[in-house]
Amino acid sequence: MSFLNLWQEARGSVLRRRYDGLRARIDAADPAAKSACFGVVKSTFDLLSRHYARASSAERKGVLKHASKTIHQLSDAGDWPRAAGLTLIMLNLEARHLPGDDAAALKAATDALISGEGAYPDAQRLQRAG
């Protein structure tokens, strides 16, 4: 196994732990915060997913860097629900291109939330009403 594969598998493990913390925060959020989080996911995921899939490795790094900057700006402004939505998207996109069990589990968990099969029917109902 190459060093790059080992690094990528370790990255998958780090991202999975980051997801666990994010999920706990989303689980504890009120319905309005969940709605804001999943509103970002609903309005942004398809566009970012298509762009990320077509991007070169260097372009993907640029997308991740820009998203990270945006997430920090949103969080610093107190808009953690939208930051959480963007983080959820980026965790999913990055997990798609990583090997290993942790990355696969992360992709499956984030796919379920993004597709609406997750545990947030109230947030989905609020999005439709909003």
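Analysis parameters
Each chain has its residues counted from 1, running along the sequence as written. Confidence filtering applies because this is a predicted model: local features only for residues at pLDDT of at least 70, side-chain atom pairs given and counted only at 80 or more, and all residues used for totals across whole chains, interfaces and linings. Working from all heavy atoms in the structure, the side-chain values ignore hydrogens and water. The axes are straight lines fitted to the C-alpha atoms, using for helices just the contacting stretch, and the angles between their N-to-C directions are given from 0 to 180°. Runs of H or I in DSSP of at least four residues are treated as helices and runs of E of at least two as strands, each being numbered from the N terminus. By convention the crossing between two helices is left-handed if the near helix lies anticlockwise of the far one by an angle smaller than a right angle, and right-handed if it lies clockwise. Should any heavy atoms of two residues lie within 4.5 Å, those residues are counted as being in contact. The classification used treats Ala, Val, Leu, Ile, Met, Phe, Trp, Tyr, Cys and Pro as nonpolar, Asp, Glu, Lys and Arg as charged, and all other residues, Gly among them, as polar. The pairing test for Phe, Tyr and Trp rings, Trp by its six-membered ring, is centres within 6.5 Å, and the orientation test on the planes gives stacked under 30 degrees, edge-to-face over 60, and tilted for anything in between. We count a charge as sitting over a ring when the NZ of a lysine or the CZ of an arginine lies within 6 Å of the ring centre and within 35 degrees of the ring normal. Multiplying 1.5 Å by the helix residue count minus one yields the expected span of that helix. Only protein chains enter the area calculation, which uses a 1.4 Å probe; residues under 20% of their type maximum are buried, those over 50% are exposed, and those in between are partly exposed. Directions are taken from the helix axis to each C-beta atom, and the arc is the one they span. Summary of the metric used: pLDDT quantifies the predictor's per-residue confidence within the range 0 to 100. Here, nonpolar core refers to any group of buried Ala, Val, Leu, Ile, Met, Phe, Trp, Tyr and Cys residues whose side-chain atoms link them within 4.5 Å. Just to be clear on terms, a salt bridge is a Lys or Arg side-chain nitrogen sitting within 4 Å of an Asp or Glu carboxyl oxygen.

Considering the packing of helix α2 (residues 31-54) against helix α4 (residues 80-95)
The contact between α2 and α4 brings their axes to 8 Å, and the two run at 35°. Handedness of the α2/α4 crossing: right-handed. Residues Ala-33, Ala-36, Cys-37, Phe-38, Val-40, Val-41, Thr-44, Phe-45, Leu-48, Ser-49 and Tyr-52 of α2 lie in contact with α4, whose contacting residues are Trp-80, Pro-81, Arg-82, Ala-84, Gly-85, Leu-86, Leu-88, Ile-89, Met-90, Asn-92, Leu-93 and Glu-94. A class-by-class count of the residues in the contact of α2 with α4 yields 17 nonpolar, four polar and two charged.

Some thoughts on the packing of aromatic side chains
A full pass over the atoms with the stated rule returns zero aromatic pairs. Here the guanidinium or amino end of Arg-25 rests over the ring plane of Trp-80, the centre of that ring lying 4.2 Å away. In this structure, Arg-60 is placed above the aromatic ring of Tyr-52, and the distance from its NZ or CZ to the ring centre is 5.5 Å.

Focus on the side chain of Ser-49
Note that Ser-49 resides in helix α2. Residues within four places of Ser-49 in sequence aside, it is in contact with Leu-93 and Arg-96.

Quick look at helix α5 (residues 101-115)
Because an α-helix completes one turn every 3.6 residues, residues spaced three or four positions apart along the sequence face the same direction. Helix length check: α5, at 15 residues, gives a terminal C-alpha distance of 21 Å against a target of 21 Å (1.5 Å per residue), a fit within 8%. Taken residue by residue, α5 has Ala-103, Leu-106, Thr-110, Leu-113 and Ile-114 as its buried positions. The arc that holds every buried residue of α5, seen down its axis, measures 95°, which confines them to one face. Gly-116 lies just past α5 and shows a positive phi near 90°.

Section: the confidence of the model for the protein
Caution applies to low-pLDDT regions: their predicted coordinates should not be interpreted in detail. Summary statistics for the protein give a mean pLDDT of 87 and a share of 85% for residues scoring 70 or more. A low-confidence stretch, residues 121-130 stays under pLDDT 50, and its non-local contacts, those more than four residues away or across chains, total twelve contacts.

As for the nonpolar core
Counting residues in each nonpolar core, the largest one holds 29 residues, and the members touching the most others are Phe-38, Val-41, Leu-88, Ile-89, Met-90 and Leu-93. Where this core is concerned, the elements lending two or more residues are α1 (3-28), α2, α3 (57-76), α4 and α5. Excluding residues within four positions of it along the chain, Met-90 makes contact with Leu-48, Val-63, Leu-64 and Ala-67.

Thoughts on the packing of α2 against α3
Direction vectors running N to C along α2 and α3 enclose 145°, while the axes themselves pass 8 Å from each other. Of α3, the residues touching α2 (which contributes His-51, Tyr-52, Ala-53 and Arg-54) are Glu-59, Arg-60, Val-63 and Leu-64. Classifying every residue of the contact of α2 with α3 by side-chain character gives four nonpolar, one polar and three charged.

Brief notes about the pattern of salt bridges
If you walk through the whole model with that rule in mind, you get six salt bridges. The residue Asp-111 makes a salt bridge to Lys-107 at a minimum N-O spacing of 2.4 Å. Taken as a pair, Asp-111 and Lys-107 lie in helix α5 at a separation of four residues, close to a single helical turn. For Asp-111, a relative accessible area of 24% corresponds to the partly exposed category. By sharing partners, the salt bridges in this structure join Arg-96, Lys-107 and Asp-111 into a single network.

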